Amino acid sequence: MEQGLEVALTDLQSSWNNVRHHTEEISSDRLLVRRGQAFNITLYFRKRGFQPGLDNIIFVAETGDSVYLDSEPQRQEYVVNDYGFIYQGNKNWIRPCPWNYGQFEENIIDICLELLDKSLNFQIDPATDCALRGSPVYISRVVCAMINSNDDNGVLNGNWSESYLDGINPAEWTGSVAILKQWHATGCQPVRYGQCWVFAAIMCTVMRCLGIPTRVITNFDSGHDTDGNLIIDEYYDSTGRILENKKKDTVWNFHVWNECWMARKDLPPGYGGWQVLDATPQETSNGLYCCGPASVRAIKEGEVDLNYDTAFAFSMVNADCMSWLVYGGKEQKIHRDTNTVGNFISTKSIQSDERDDVTENYKYIEGSPQERLVFMRALQKLKARRSEGPHKADSQHSPPVPLNGDSPRSLHMPSLRPSDIVQVSLKFQLLDPPNMGQDIRFVLLALNMSLQFKDLKVNLSAQSLLHDGSPLPPFWQDTAFITLSPEEAKTHSCRIPYSQYSQYLSTDKLIRISALGEEKNSPEKILVDKIITLAYPGIMINVLGAAIVNQPLSIQVLFSNPLSEHVADCVLTVEGSGLFKKQQRVLIGVLKPQHRASITLETVPFKSGQRQIQANLRSNKFKDIKGYRNVYVDLRL
C-alpha cells in the first residue's frame, strides 16, 4: 500500500509573492498578500514526492475582492503611494500640505494590527471581531474609532483649544509614521495632539497599509450641523462680529476626512465604491466616536437613511446656512444662504501633484433644480425618521412630507421673503496678497442696484477664527457712512496693521473681516464677510546630486524668518519614506528679522522609486512653515 504524503517543509515564497503583491517594501521574509490575487507556495514532502494521478492536494484560501479597484493607476495612488497632499487654507486660497503616509515603513504593519487588537470590539469579543475582519465595512468603522482616543486608547488626542504645551501643535506634523511609532512605543497611549487633517492622514496610512484603497478629502466651508435639521445657524452682533454659537452649529473653514473604496452588500445596489469615513471625533455613531462608511453616491442623492451616518455627511457638504442678528435679547433673520456649505471638495490627483476637484461626486450644481430636489428629499427623510422614531432610522423609503412654515429651527424649508431681495450689495476686495508680517489692505465695495438714493451705515470688524469656525474676540473695528446715488458704486478703504493683528492670530492664521450694513429708515440689514488666510514663504529643498539606493545623498534645506522681529525656539523637522530611517529634528534656535538660512543634511536612501521629502519649520511665533521636494531614487548607478 502506497504511503500517504507527509509535508516536511512549506516555502511561502515570500520574496517572490510580495513583489507581485506590491508588499515588498513592508517585508521580504514575511508573506504579505492582497485579496483576490493569486500567489504561489511550494510544499516539500518526506520520503517520497508528489505523484500526479495518485496524489490529490486541496488548498483553500478565501480572499474575496470587496475592495478591488480595477484601475492600476488608481491602485498605485490609493494603495501603494506613500506620500501625498492634504489641502488646507480656504476656498479662495487652497494650499497643499505635504504628508508622509509611510504605510510601508518598518513596523507600521505590526502597529496597524496592534491597533485592531486594542479596539473595544476585540477587547469585548475577540473571536467575533477576528471573524468580521474580512469585512471592509466593519474594519473601517473599527479603525475610524481607534484613530481618535475619545472612547479608548486610540492613536490621537484631539485639541482645538490653541493650548498645546503638553504635546505637539497639530500644525507641526508632517507625517503619520512618527505618530504611530510614538503611540506604539508608549504602550498605546494617545499622542498629543491632532485635528481633522491629522486624524484623516493617520487613517489613510492604516487603511492603505491594510490594503483598502483610501484617499484624503478636504471640504472647504464644511458644515457641522449638531441638531440634524440641515441648517447651520450663525449669529452676529450689530458690528458684524460672529458670536459663539450656543447650539455649536459651525461652518468649518475646511474639514478633512477619508474616502475608502469598498463594496456595500449591506446597501441597495449601486451604493458601493467610494465611502466617507471621518475619524475626527465630532458626533457619536452607535455609541462610539466614528463616522461612516457613508456612500458618496447616497450623499449626492440625498439618501440620508442609508448606513452609516449619511445624514451627518450630507450636512457637511450641503446644509443651508441661516444668518441671525442678535440685539436687545432678540434675534432677527438676516438671510438664508443655500450655497455657502461645501465648496471645492479636493483630493490629490492620480499620479500627479495637482489637485482634483471631486465636488460633483457629492452634490449636483449648487442652486440647480436637481440639487434643491435632493435637499428636499433629505429633509423629508429626516422628518420621517424623527416622527416615526428610531426604529425607522434604517428605512430606505419615506413617504412624502408636506412642506410649509418658515421656522429655521424646524425641518421645514423656509421660502424667501421679499426682504431677501437685495437692493444694495457689499463686497470685500483685497488690494495685496495677504502675507504674514505685512499690513492687510482691502476695500469695501458698495453698489446701489436700485433707482433710489441710499444712505448706509456700515459697521466693520475683524476677528481671528479657528479652522473649525470657532470665533475669537474682535481686534479691529471701523464704521463707514456711505451715501449712494441710484446705481452708483463706491469704495471704502481699510488697513489692518501687522502690529494690530499679530498678537491675536491663531495657529490657523485665519482672519475674518465682516461688514454689517443698515439703510437709513429701513429695518433691512446687509451682511458680508471674507476669510483671509495669511501666507508664509515656503521652505525650499534642493537635492545635491543623483539619488541612488544605498549611496550617500546631500539635501539642502533653505528657509527664512518672514517677520520683522526676532523669532526663537526654531526647530526644523525633515522626513521622507525610503529616504530617512526616522524623522530628522534640527535645533535652529534664534532667527533674526527677515533672516535667510540653510542647512545641509546627509542621508542614504534605502528604497528606490518616486519619493518625497517633507519639511516643517516652527518657532515661538509660527508653527507651520512647510516645504517639500519630490525625488526619484535609482536602484543603481
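This section reports on the structure supplied with the text.

Thresholds, definitions, all that
Residues numbered from 1 in each chain as written. Predicted model: local features only at pLDDT ≥ 70, side-chain atom pairs only at ≥ 80, totals over all residues. Heavy atoms only, no water. Pairing = 2+ DSSP bridges. Helix = DSSP H or I, 4+ residues; strand = E, 2+ residues; numbered from the N terminus. Axes fitted to C-alpha atoms, helices over the stretch in contact; angles between N-to-C directions. Patch = residues over 30% accessible without salt bridge, like charges linked within 9 Å, V, L, I, M, F, W, Y side chains within 5 Å. Areas by Shrake-Rupley, 256 points an atom, 1.4 Å probe, with all protein chains shown as cover. Salt bridge = Lys/Arg side-chain N within 4 Å of Asp/Glu carboxyl O. Buried < 20%, exposed > 50% of the residue type's maximum accessible area, 1.4 Å probe, protein only. 1 Å grid on protein atoms, 1.4 Å probe; cavity = no way out; pocket = protein on both sides within 12 Å on 5 of 7 lines; lining within 4 Å. Points joined across faces, edges and corners; volume = space filled by probe spheres on them. Nonpolar A, V, L, I, M, F, W, Y, C, P; charged D, E, K, R; others polar.

1. Considerations on the pairing of strand β22 (residues 525-533)
Looking along a regular strand, one sees side chains alternate from face to face of the sheet.
Next, step 1: Two strands pair when backbone bridges link them, and strand β21 (residues 510-519) and β22 are joined in this way by nine bridges, in the antiparallel orientation. Paired with Ser-514 across the bridge in β22 is Asp-529.
Next, step 2: The loop that links β21 with its antiparallel partner β22 comprises five residues; one of these, Asn-521, has a positive phi angle of about 65°.

2. Overview of the sheet that holds β22
Strands belonging to one sheet form pairs held by backbone hydrogen bonds; the direction of such a pair is parallel or antiparallel.
Next, step 1: Here four strands make up an open sheet; going across it, the order is β19-β18-β21-β22 and the pairing antiparallel. With one partner strand each, in any of the chains shown, β19 (471-484) and β22 form the two edges of the open sheet. Going from strand to strand, the sheet's axes swing by 15° on average, the running direction of each strand aside.

3. Observations concerning a nonpolar patch on the surface
Next, step 1: Taken together, the side chains of Val-7, Leu-43, Phe-50 and Ile-57 define a hydrophobic patch exposed on the protein surface, amounting to about 310 Å² of accessible area.
Next, step 2: Checked against the element boundaries, Val-7 lands in strand β1 (residues 7-11).
Next, step 3: Overall, Val-7 belongs to the partly exposed group, its relative accessible area being 41%.

4. Section: the pattern of salt bridges
Next, step 1: Across all of its chains, the model carries 33 salt bridges by this definition.
Next, step 2: A salt bridge links Asp-55 to Arg-48, with the shortest nitrogen-to-oxygen separation between them at 2.8 Å.
Next, step 3: The exposure class of Arg-48 is buried, given its relative accessible area of 15%.
Next, step 4: Where Lys-348 meets Glu-77, a salt bridge forms, and the shortest distance between an N and an O atom there is 3.1 Å. You can see Lys-348 sitting in strand β14 (residues 343-348) and its partner Glu-77 sitting in helix α2 (residues 72-80), a full 271 residues away along the chain. Grouping residues by exposure puts Lys-348 and Glu-77 together as buried.
Next, step 5: It is possible to trace a salt-bridge network through shared partners that takes in Glu-25, Asp-82, Glu-105, Lys-607 and Arg-611.

5. With respect to the layout of surface pockets
Next, step 1: By volume, the largest pocket is sized at about 1100 Å³.
Next, step 2: Along the walls of the largest pocket sit 47 residues, with Glu-234, Val-251, Thr-340, Asp-529 and Ile-531 positioned nearest its centre.
Next, step 3: Residue assignment for the lining of the largest pocket shows that the elements contributing at least two residues are β5 (156-158), β7 (214-224), β8 (231-236), β9 (250-262), β12 (320-327), β13 (330-337), β16 (424-430) and β22.
Next, step 4: The element best represented in the lining of the largest pocket is β22, accounting for five residues.
Next, step 5: Split into classes, the residues belonging to the lining of the largest pocket amount to 16 nonpolar, 18 polar and 13 charged.
Next, step 6: Counted as a void, the second largest pocket has a volume near 940 Å³.
Next, step 7: Every residue lining the second largest pocket is counted, 34 residues in all, and those nearest its centre are Val-33, Arg-34, Arg-35, Leu-210 and Gly-211.
Next, step 8: Contributing elements (two or more residues each) for the lining of the second largest pocket: α2 and α3 (108-117).
Next, step 9: A total of five residues in the lining of the second largest pocket trace back to one element, the largest contributor, which is α2.

So yeah, pure geometry; function would need other evidence.
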